[in-house]
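# Chain and residue survey
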Amino acid sequence: MNKKIYKEIIENTIVPSNITSDEKIIRYDRITQFMNQNTPKRLYRFRSASEQNISAFYKDEIWFSSGNKMNDDFEARIFYDKKKIRAELMNLISESGELKVIASLRKNDEIPLEMFKIVPNAMDVFSWIKTVPEEQTIAMSRKVIEYILDNLDIGLKFVENGLQESSRFACFSEQIYSDMMWGHYASNAQGFALEYVIDRYCNVFTESGTAGTYNVTANLFPIIYDNRRLDGTSYALYLFQIYILQLLYGQCLPTQWLNTLVPCPDEFMGTKIAIKKSRDWASEREWRVFYIPDFSEDSKKNNFIHIKPKAIYLGRKISDINQKILIDIAKEKGIPAYKMYIKDDLDSYKLSSCKIKIK
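Let me sum up the structure you'll find in this document.

Thresholds applied
Residues numbered from 1 in each chain as written. Predicted model: local features only at pLDDT ≥ 70, side-chain atom pairs only at ≥ 80, totals over all residues. Heavy atoms only, no water. Helix = DSSP H or I, 4+ residues; strand = E, 2+ residues; numbered from the N terminus. Buried < 20%, exposed > 50% of the residue type's maximum accessible area, 1.4 Å probe, protein only. Contact = heavy atoms within 4.5 Å. Arc of directions from axis to C-beta. Axes fitted to C-alpha atoms, helices over the stretch in contact; angles between N-to-C directions. Parallel < 35°, antiparallel > 145°, perpendicular 65-115°, else oblique. Left-handed = near helix turned anticlockwise from the far one by under 90°. Nonpolar A, V, L, I, M, F, W, Y, C, P; charged D, E, K, R; others polar.

The next thing to look at is the overall build of the protein. Helix and strand counts for the protein come out as 15 helices and 14 strands. Seen through its C-alpha atoms, the protein measures out along the principal axes to roughly 85 × 45 × 35 Å. For the protein, the proportion of its 359 residues judged to be buried stands at 45%. Considering only intrachain contacts with a sequence separation of at least 6, the fraction spanning at least 24 residues in the protein is 76%.

Set out below in structure tokens:
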């Protein structure tokens, strides 16, 4: 895989919310083609031999975790320039101190049609702007901006934490023979690893919940290792504006309403942030599957998909009881089991594996 081309494709794919579905498909087309041509035949998921992980293996479940639960504090953590955000907010005010949107509406003879879509009681609001003295709207504008700036630090921290918590992904690696991976992610080789074939960039899984079936889209991406973080300033400003609108209205506003009022500059940005890591982690050769639920409550709550693994690898220090349990499950599934070991006459630091005869 050409990492330079991949990085260029990812960073140059921009998907604003105010374009059509067909246009969004076109924007994602380069990613789709690149990923379908470069996805490895096999990927591996390292697990500790906990009761929960053994149960997930038995049920063919892949569970997803949020960025704030990972061992890297920078996971899915947005980088932004607070000075630029403050400057953009100040740019909302005219020279007289009035909000530019109010000054623009004051000059209009008729209410803009778009206003009916985004403002409750639009006619009343428009009539009020046309009749109230300019000094009063200036005073109100200053109070609004003051309120926004007073909440800037709190709001940006809320945005930062919220993005980390809402990013849900499962981690895989291209390599199975790395002693480092077994040490870090399989309880110092006392755990196991599962082999998967995820042969497409985008897969849709139909799952079952308390209210029936629901669909989950799972998008697969390799990590971009870089020493510079992605600039998410415009995205942070967008999320901050949504945060302020929710505060001002005191309720959770409909997504369609919010996107009309404040269009998202790039719907792909959250994923971009979550697939970029420091080069310190490059030896992991990591890939991620992202969990994108539909709008049902079950899909938001259950947080897993079903994929049957193709094989299981047991850590060389795994306990006898865990080995027996896992081999029995592998036998029931009809998949091969391997045991990792160190080959003493091999001059590299790579582990080796041998197939276990399942009776």
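So, about helix 7 (residues 122-131). Taken as a whole, helix 7 has its buried residues at Ala122, Phe126 and Ile129. The buried residues of helix 7 occupy an angular sector of 60 degrees when the element is viewed end-on, so they sit on one face. Turned more than 90 degrees from where helix 7 packs its buried face, Asp124 and Thr131 sit exposed.

Let us look at unusual backbone geometry. Look at Ala189: it is not a glycine, yet its phi comes out positive at around 70 degrees. Along the chain, the position of Ala189 falls in the loop between helix 10 (179-185) and strand 5 (192-196). Classification of Ala189 by relative accessible area gives buried; the value is 6%. If you check the backbone angles, Arg285 has positive phi at about 45 degrees while not being a glycine.

Running from N to C, helix 1 (residues 3-12) and helix 2 (residues 21-38) point in directions that differ by 150 degrees, and their axes come no closer than 9 Å. The pairing of helix 1 with helix 2 is recorded here as roughly antiparallel in orientation. As helix 1 packs across helix 2, the resulting crossing turns out to be left-handed. Across the interface between the two elements, Ile5, Tyr6, Glu8, Ile9 and Ile10 from helix 1 touch Arg30, Ile31, Phe34 and Met35 from helix 2. Split into classes, the residues belonging to the contact of helix 1 with helix 2 amount to seven nonpolar, no polar and two charged.

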